[in-house]
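# Secondary and tertiary structure notes
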Amino acid sequence: MFLKPLVLAALCAAAFAQQPAVPAAPAGEKLAPYYPTPDIIVDRMLALGELRAGESMFDLGSGDGRIVVMAARKYHADATGVELDQDLVRQSSAKLRSLGLTGTARIIYGDILKQNYAAANLITVYLLPESNLRVQPMLEAQLKKGARVVAHDFPIGNWVPAKTVTIPDDGEGRSHTLYLYIR
Ligand SMILES: C[S@@+](CC[C@H](N)C(=O)[O-])C[C@H]1O[C@@H](n2cnc3c(N)ncnc32)[C@H](O)[C@@H]1O
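Summarised in this report is the structure supplied together with it. Keep in mind that this is a model prediction, so the values were computed, not measured.

Let us now look at unusual backbone geometry. In this structure, E50 takes a positive phi of about 50° despite not being glycine. Here E50 is to be found in the loop between α2 (39-48) and β1 (56-60). A positive phi angle, close to 70°, is found at D153, a residue other than glycine. Position of D153 among the secondary structure elements: in the loop between β5 (148-152) and β6 (163-167).

The next thing to look at is the packing of α2 against helix α3 (residues 66-73). At their nearest, the axes of α2 and α3 sit 10 Å apart, and the two run at 55° to each other. Taken as axis vectors, α2 and α3 run oblique relative to one another. For the pair α2 and α3, the crossing hand works out as right-handed. Counted together, D39, V42, D43 and L46 of α2 and R66, I67, M70 and A71 of α3 form the full contact between these two elements.

Moving on: the sheet that holds strand β4 (residues 122-125). Spatial ordering of the open sheet is given by β3-β2-β1-β4-β5-β7-β6, a layout of seven strands whose pairing is mixed. The open sheet terminates on both sides in strands that have one partner only, identified here as β3 (105-109) and β6. Geometrically, the sheet is characterised by an average inter-axis angle of 15° between neighbouring strands, direction not taken into account. With five bridges connecting them, β6 and strand β7 (residues 176-182) associate as antiparallel partners. Bridging across to β7, V165 finds its partner in L178. Seen against the sheet, α2 touches β4, β5, β6 and β7 and runs at an angle of roughly 20° to β7. Against the sheet, α3 makes contact with β1, β2 (78-83), β3 and β4, and its axis sits at roughly 175° relative to β2, the strand it touches most.

The rules behind these values
- For every chain, the first residue of its written sequence is number 1, and the numbers climb from 1 along that sequence.
- Only residues with pLDDT of at least 70 get local features here, since the model is predicted, and only at 80 or more are side-chain atom pairs given and counted; chain-wide, interface and lining totals rely on the full set of residues.
- Strands here are runs of E lasting at least two residues and helices are runs of H or I lasting at least four, both read from the DSSP assignment and numbered beginning at the N terminus.
- Angles shown run from 0 to 180 degrees and are taken between the N-to-C directions of axes, each axis being a line fitted to C-alpha atoms and, for helices, limited to the stretch in contact.
- Angle categories: roughly parallel below 35 degrees, roughly antiparallel above 145, roughly perpendicular from 65 to 115, and oblique for all the rest.
- For any pair of crossing helices, the crossing counts as left-handed if the nearer helix is rotated counterclockwise from the farther one by less than a right angle, and right-handed if it is rotated clockwise.
- Contact definition: two residues whose C-beta atoms, as placed from backbone geometry, lie within 7 Å.
- Any two strands with at least two DSSP bridges between them are considered paired.

Shown next as structure tokens:
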């Protein structure tokens, strides 16, 4: 009889050992607060970046995942978001699952400055101006020739844009400027 609790304890220990580890929060510096891009501007960013079907795109600081979703759904690209905020990662990953986009889109729970963007055809960024300066050398080192970068509202350091587009009204009275860079 006294064997029963021992067997139970052994089973519990085995089950516990098989639990997946809870991922640790990634260390990283907040490069911008969460401030979403209106959908109409998301579309303009992806069109300006000439995103084509099957191309690889990354949104650096993907928030609720709206750029990743549109890149995968409307432009049929392979889309990756990188996000440091755990709630936003949960929310955006759930959105990808509910839309059936997990085959071509994903969110990395991690720091923008610790990823590899060598495969990217297009990068989108909506970060603070001083954060764009942090991202700039990393993109210079990693991006392949011909890769495009579209920055929302804040230019990237001393890069010379191939095109600058201002959208005077997003439908809610706000103006937006987009910068296209080609490496
Ligand atoms: C201005 S919001 C832009 C969100 C989205 N790209 C959009 O345009 O709708 C910036 C996002 O970057 C995320 N972020 C800030 N620093 C980060 C870092 N070091 N690594 C990953 N994400 C970061 C924030 O949590 C926030 O969601």
